[in-house]
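# Reading the structure
Okay, here's what each chain looks like letter by letter:
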Amino acid sequence: MNPHLDKLQSYPFEKLRQLFAKVTPNSAFSAISLGMGEPKHPTPPFIQQALVDNIAGLATYPTTIGSEALRAAICGWLERRYDIPALNPATQVLPVNGSREALFALAQTVIDPAAKAVVVSPNPFYQIYEGAAYLAGAEPYFVNSDPARNFGCDYDSVPSSVWERVQLLFVCSPGNPTGAVLSLTDWEHLFALSERYDFVIASDECYSEIYHGEEKPLGALQAAHMLGLSTVERPYARLVVFSSLSKRSNVPGMRSGFVAGDAEVLKKFLLYRTYHGGAMSPSVQAASVAAWNDETHVEANRAQYRAKFAAITPLLQEVMDVALPDAGFYLWADVSRTGLSDAEFAQRLYAEYNVTVLPGSYLAREAHGINPGRNRIRMALVAETEEGLEAARRIVQFCKTLSK
């Protein structure tokens, strides 16, 4: 067996299952889950129809590089969304079966385990980053998010002795679970570090289309272009971005996304994926083309999230420290004033009001003396507005009973 498997921790939802194992929720309330970040808005009918219309694609082996139509659609979307020069669809973009598998696979491609490699990750973080590092034979190094910095990470706190061993840096912007978006200054700093220490940046941007202000979240390719890194001899050097249709278009079951950026990195990534078996179904590719080429459904989806967050956030602010995030569909709330830990809060809320939330400490690791998720909970506002409002009312009621 691969000995690195023994380094993996239980996934957050397995920890949650164990937390709830001996709890019987109050049967007076119907179950409402804010635990898992699975989009619940309806899948647009035109995407469903595109999948059905191309069902004959199931009779054909797909190519790993994907169809020209899909790669062109992805490049077109990137150009329109981020106002960047057109990418080369033959060398600078690859379709993937959701960003999750691609984030994991990239680490296996770029890391040399013989070099005692380090993978830098934000903390808290999407758990795939840690697993990808360990199973590639690398050591994860966590940089804690700081509420005083809008949950940004202080990369200046990382010693040069660590940077010298870094081969991969995972970035999540907008962040999971914090919703924080990196600024142009943040990106300029990370690009400089990447150039100095020669490591790859993997930018996870799957929440980019769910934002709550008028300003669209800045993307890594966009930042690189603004800083003049798209027209140099090696455009977007050591930078690859990941995105997905799951949140943007409410199709998590299609497992459709892409990787784009540095052609040299993607050339090796394509080679890895050819052996790994990372090809996307032709039927899913056709439906993905339809989704990437349409923005009307994305705008409607975003409007629904905005209305939901505007209605729910003020209710919860009565009883806990929580603010509207830059982007994403999570609320990252501090429950310290309730007197309960994040795990205690989640367990009692489930038992007494049948509402599921995820303890923040399950999404982070103890690093540099603290667990930055401690005493926080993540609430995924993915269901329809009325269900979210009902959950919020129960949470408010629960918190008020604690203060009596």
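Residues numbered from 1 in each chain as written. Predicted model: local features only at pLDDT ≥ 70, side-chain atom pairs only at ≥ 80, totals over all residues. Heavy atoms only, no water.

Looking now at the overall build of the protein chain. Scanning the protein chain for helices and strands turns up 14 helices and 13 strands. In terms of overall size, the protein chain behaves like a compact globule, its C-alpha atoms giving a radius of gyration of 21 Å where 404 residues would be expected to give roughly 22 Å. Overall, the protein chain is about 65 × 55 × 45 Å in size when its C-alpha atoms are taken along their principal axes. Going through the 404 residues of the protein chain one by one, you find that 55% of them count as buried. For the protein chain, the separation between the mean place of its 35 positive charges and that of its 42 negative charges on side chains is 5 Å. (Helix = DSSP H or I, 4+ residues; strand = E, 2+ residues; numbered from the N terminus. Rg over C-alpha atoms; globule rule 2.2 N^0.38 Å. Buried < 20%, exposed > 50% of the residue type's maximum accessible area, 1.4 Å probe, protein only. Lys, Arg positive; Asp, Glu negative; His and termini not counted. Charge placed at Lys NZ, Arg CZ, Asp CG, Glu CD.)

Time to look at the sheet that holds strand 10 (residues 330-334). With antiparallel pairing, 3 strands are arranged side by side in an open sheet as 10-13-12. Sheet topology places strand 10 and strand 12 (358-359) at the edges, where each strand pairs with a single neighbour. Bridging between strand 10 and strand 13 (residues 376-380) involves 5 bridges; their strand directions are antiparallel. Bridge pairing in strand 13 links aspartate 334 to arginine 376. (Pairing = 2+ DSSP bridges.)

A few words now on the environment of phenylalanine 104. Residue position: phenylalanine 104 is located in helix 4 (residues 99-110). Between the alpha carbons of phenylalanine 104 and glycine 35 there is a distance of 23 Å; along the sequence they are 69 residues apart. The residues touching phenylalanine 104, leaving out its near neighbours within four places in the chain, are Ile128, Gly131, Ala132 and Leu135. (Contact = heavy atoms within 4.5 Å.)

What follows concerns the side chain of glutamate 209. Along the chain, glutamate 209 turns up in the loop between strand 7 (200-204) and helix 8 (220-226). Of the residues examined, glutamate 209 reaches a relative accessible area of 5% and is grouped as buried. When near neighbours in sequence (up to four residues on either side) are disregarded, glutamate 209 contacts Trp77, Arg81, Tyr82, Arg248, Val298 and Arg302.

Right, let's get into the UniProt feature "domain: Aminotransferase class I/classII large" (unreviewed entry) in the protein chain. This chain's UniProt record puts "domain: Aminotransferase class I/classII large" (unreviewed entry) on residues 32-383. Along residues 32-383 the backbone is 38% helical and 17% strand, and the end-to-end C-alpha distance reaches 9 Å. (UniProt positions renumbered as here; feature names shortened; annotations may be inferred.)

A few words on the domain arrangement of the protein chain. Split by domain assignment, the protein chain resolves into domain 1 (3-42 + 297-403) and domain 2 (49-294). With centres defined by C-alpha atoms, the gap from domain 1 to domain 2 works out at 26 Å. The interface of domain 1 with domain 2 comprises 37 residues on the first partner and 42 residues on the second. Carbon and sulfur atoms supply 57% of the area buried between domain 1 and domain 2, which totals about 3500 Å² over both sides. Counting across the domain 1 and domain 2 interface gives 2 salt bridges. A salt bridge links glutamate 214 to arginine 306; the shortest N-O distance between them is 3.6 Å. Taken together, the connections running from domain 1 to domain 2 amount to 23 residue pairs in polar contact (both at pLDDT 80 or more). (Domains from an automatic or database assignment. Buried area = accessible area lost by both parts, 1.4 Å probe. Salt bridge = Lys/Arg side-chain N within 4 Å of Asp/Glu carboxyl O. Polar contact = N/O pair within 3.5 Å; in protein donor to acceptor, adjacent residues only side chain to side chain.)

Moving on, we get to the packing of helix 12 (residues 296-317) against helix 14 (residues 385-402). Running from N to C, helix 12 and helix 14 point in directions that differ by 10°, and their axes come no closer than 9 Å. The angle between the axes of helix 12 and helix 14 places the two elements in the roughly parallel class. Within the contact between the two elements, helix 12 uses Gln304, Lys308, Ala311, Ile312, Leu315 and Leu316 and helix 14 uses Thr385, Gly388, Leu389, Ala392, Ile395 and Val396. (Axes fitted to C-alpha atoms, helices over the stretch in contact; angles between N-to-C directions. Parallel < 35°, antiparallel > 145°, perpendicular 65-115°, else oblique.)

Buried residues dominate strand 10, accounting for 5 of its 5 residues. On strand 10, burial covers both faces: Tyr330, Trp332 and Asp334 on one face and Leu331 and Ala333 on the other are all buried.

The next point concerns the environment of glutamate 264. With respect to the secondary-structure elements, glutamate 264 resides in helix 10 (residues 263-276). Glutamate 264 gets classed as partly exposed once you look at its relative accessible area, which sits at 49%.

What follows covers the sheet that holds strand 2 (residues 93-96). With mixed pairing, 8 strands are arranged side by side in an open sheet as 2-9-8-7-6-3-4-5. Among the strands making up the open sheet, the edge pair consists of strand 2 and strand 5 (152-153). Relative to strand 8 (residues 239-244), strand 7 is paired through 4 bridges, and the arrangement is parallel. Each bridged residue has a counterpart across the sheet, and for alanine 202 the counterpart in strand 8 is valine 240.

A word on unusual backbone geometry. The amide bond that connects serine 173 to the next residue, proline 174, takes the cis arrangement and shows omega of -5°. Following the sequence through the fold, proline 174 ends up in the loop between strand 6 (166-172) and helix 7 (184-197). Between asparagine 176 and the following residue, proline 177, the backbone shows a cis peptide bond with an omega angle of 20°. Mapping proline 177 onto the fold places it in the loop between strand 6 and helix 7. A positive phi angle is found at asparagine 250, which is not glycine, with a value near 60°. Looking at where asparagine 250 falls in the secondary structure, it is placed in the loop between helix 9 (245-249) and strand 9 (257-261). According to the relative accessible area criterion, asparagine 250 is buried, its value standing at 5%. The phi dihedral of histidine 368 is positive, around 60°, even though this residue is not glycine.

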